[in-house]
Amino acid sequence: MPARHLCLRGLLLIGVLMPWQAGAQQAPSGTPTPGSAEAPAPKPAAAPAPAQDRGSALYGRPEGADAAKLAPIAGPPLPTAAARLPLDKLSVPQGFKVELFASGVANARSMAQGEKGTLFVGTRSLDRVYAVRQVDGKPVVKVIASGLHRPNGVAFHKGALYVAELSKVWRFDDIENNLDTPPKPVLVTDDLPKDEAHGWKFIAVGPDEKLYVPVGAPGNILMPPETHAQIRRMDLDGKNVEVVARGVRNTVGFDWNPDTKQLTFTDNGRDWLSEDIPNDELNVLAQPGKQHFGYPFCHQGDFTDPEYGWGHSCSEFTAPVGLLGPHSAALGMRFYTGSQFPAGYRNAVLIARHGSWNRTRKVGGDVVVAKLGPDGKVTSLEPFLTGFLQDNRYVGRPVDVLVAQDGALLVSDDYNGAIYRVSYAP
């Protein structure tokens, strides 16, 4: 072939190949060469967002501007002065009266009363335990223990105060006679998990002379280890530990039915499933060691979890005896065993609902009374102490309730660092 023809042929080949090569070289820009049939090359993938810790309260929060506005609610850094407490906003049924029992009890949480009337109060975000006594009609607040990690749980039994930290339980012997110089505590157990999520404890001594200690699920929704999502009981010296209930996500309040002697407890449902599902629960333990209450497979007794419910039916688990409102944070509860309130309250369950935070329209922030039928199931859930929620904002947050020795009801408020007293005087 003549050289001139070879040159022309070479130029034609170069003209065909060059656009393809140019497109390949410019692929990272994502813009094809004009006239090229090549599709834009994909941009390099961005680095994946770090996985959110399942122990975080925000784990599972859906995308969207409205959900992004919701987050746990922090209380004021200092206890509210007595003159500024929201007493004028609180309401109780006719014939009842609500008044201040004590202020200046920063982060007041779980309560227990001693034989001599001393009120012991634990904390969750602080490191201390208080003793509150009435002297000449006025409350005197003392710090009897400090340097503890989330000492939320307190229980009094035969002169001794039991205090539950995140992973330990201590006993202070003969405490009421030594409030000014508390004795060195005795370690009951240090064999509890150290997970922060749902790690704070509510404790109590049962009619069987055993100490009951819950271990919450270490996150919002996950498959808990065998050591979590349960209620344990042990001897008062920490020995002979056994699991009496499983499938319990987070109970921060329980008591024993005075008639049946069965353990009854609140349980907080999972977050971020929806605004209205699931409800918190009121549960009854009828067969210690044999019942599973659903978590993480089933919620509120009739709703299987979208992630963990596959292959399971809610009929496999023990259903609650009552529903306590979606995300209402039902915490402390007590059967009313006093004689001051009207007969209709006798053996009814008074429940402190701390109030929702991951719900657009808040619910809770009150104390409700659950009336039980002959079968032990809740027949009604009625307001008792309301007003902590004003215009969708909290002015206080109830944590625990306690039937005092005189039959009045004491209510702790960790938001304001206060204890209220509700009495009946028609």
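Residues numbered from 1 in each chain as written. Predicted model: local features only at pLDDT ≥ 70, side-chain atom pairs only at ≥ 80, totals over all residues. Heavy atoms only, no water.

**Q** Can you help me understand the packing of aromatic side chains in this one?
**A** Geometry of an aromatic ring pair is reported as the spacing of the ring centres plus the angle between the planes. Under the definition given, this model contains 16 aromatic pairs. Measuring from ring centre to ring centre gives 4.9 Å for Phe-96 and Phe-341, while their planes differ by 85°; the resulting arrangement is edge-to-face. Remark: Phe-341 occurs in the loop between strand 21 (330-335) and strand 22 (349-353) and Phe-96 occurs in strand 1 (residues 96-102); sequence separation between them is 245 residues. The exposure class assigned to Phe-96 is buried, which follows from its relative accessible area of 11%. Between Phe-202 and Phe-254, the aromatic rings sit 4.9 Å apart at their centres with planes inclined by 75°, giving edge-to-face as the arrangement. Placement of the pair is Phe-202 in the loop between strand 9 (186-189) and strand 10 (204-205) and Phe-254 in strand 14 (residues 254-256), with a sequence separation of 52 residues. The exposure class of Phe-202 is buried, given its relative accessible area of 2%. The rings of Phe-96, Tyr-336, Phe-341, Tyr-345, Phe-384 and Tyr-424 are connected pair by pair, giving a single aromatic cluster. If you follow Arg-124 out to its NZ or CZ, it ends over the ring of Trp-200, 3.6 Å from the centre. The residue whose ring lies beneath Arg-397 is Tyr-394, and the NZ or CZ to ring-centre distance is 4.6 Å. (Phe/Tyr/Trp six-rings, centres within 6.5 Å; stacked < 30°, edge-to-face > 60°. Helix = DSSP H or I, 4+ residues; strand = E, 2+ residues; numbered from the N terminus. Buried < 20%, exposed > 50% of the residue type's maximum accessible area, 1.4 Å probe, protein only. Lys NZ or Arg CZ within 6 Å of the ring centre and 35° of its normal.)

**Q** I would appreciate a short explanation of the sheet that holds strand 21 in the present structure.
**A** Within a sheet, each strand pairs with its neighbour through backbone hydrogen bonds, oriented either parallel or antiparallel. The strand order across the open sheet built from four strands is 21-22-23-24, with neighbouring strands paired in antiparallel fashion. Only two strands of the sheet have a single partner each, and these edge strands are strand 21 and strand 24 (378-385). The mean angle between the axes of side-by-side strands here comes to 25°, regardless of whether they run parallel or antiparallel. Pairing of strand 22 with strand 23 (residues 366-372), which is carried by five bridges, proceeds in the antiparallel orientation. Bridged to Val-349 within strand 23 is Ala-370. (Pairing = 2+ DSSP bridges. Axes fitted to C-alpha atoms, helices over the stretch in contact; angles between N-to-C directions.)

**Q** Can you walk me through unusual backbone geometry in this structure?
**A** Most peptide bonds take the trans configuration, and most residues that are not glycine carry a negative phi. The residue after Ile-277, namely Pro-278, is reached through a cis peptide bond having omega 0°. Within the secondary structure layout, Pro-278 lies in the loop between strand 15 (263-267) and strand 16 (279-285). Residues Tyr-295 and Pro-296 are joined by a peptide bond in cis, for which omega reads 5°. You can see Pro-296 is positioned in the loop between strand 17 (291-292) and strand 18 (298-299).

**Q** Would you mind showing me how to read the pairing of strand 22 here?
**A** For a regular strand, side-chain orientation follows a simple rule: the groups alternate between the two sheet faces. Buried residues dominate strand 22, accounting for five of its five residues. Burial along strand 22 is two-sided: the face carrying Val-349, Ile-351 and Arg-353 and the face carrying Leu-350 and Ala-352 are both buried. Bridging between strand 21 and strand 22 involves four bridges; their strand directions are antiparallel. When the bridges of strand 22 are listed, Met-333 appears paired with Ile-351.

**Q** Please explain the sheet that holds strand 20 (residues 322-326) as it appears in this structure.
**A** Taken together, the four strands give an open sheet; going across it, the order is 14-15-16-20, and neighbouring strands pair in antiparallel fashion. Both outer strands of the open sheet, strand 14 and strand 20, are each paired with one neighbouring strand and no more. Taken pair by pair, the neighbouring strands of this sheet meet at an average axis angle of 20°, ignoring direction. Pairing of strand 14 with strand 15, which is carried by three bridges, proceeds in the antiparallel orientation. The partner of Trp-256 across the bridge, within strand 15, is Leu-263.

**Q** For this particular structure, what's the right way to read the state of the cysteines?
**A** Applying the stated criterion to the full structure yields one disulfide. Between the sulfur atoms of Cys-298 and its disulfide partner Cys-314 the distance amounts to 2.1 Å. Handedness here is read from the sign of the S-S torsion; for Cys-298 and Cys-314, about 105°, the answer is right-handed. Here Cys-298 is found in strand 18, whereas its partner Cys-314 is found in the loop between strand 19 (303-304) and strand 20, with 16 residues between them in sequence. Overall, Cys-298 belongs to the buried group, its relative accessible area being 5%. (Disulfide = S-S within 2.5 Å.)

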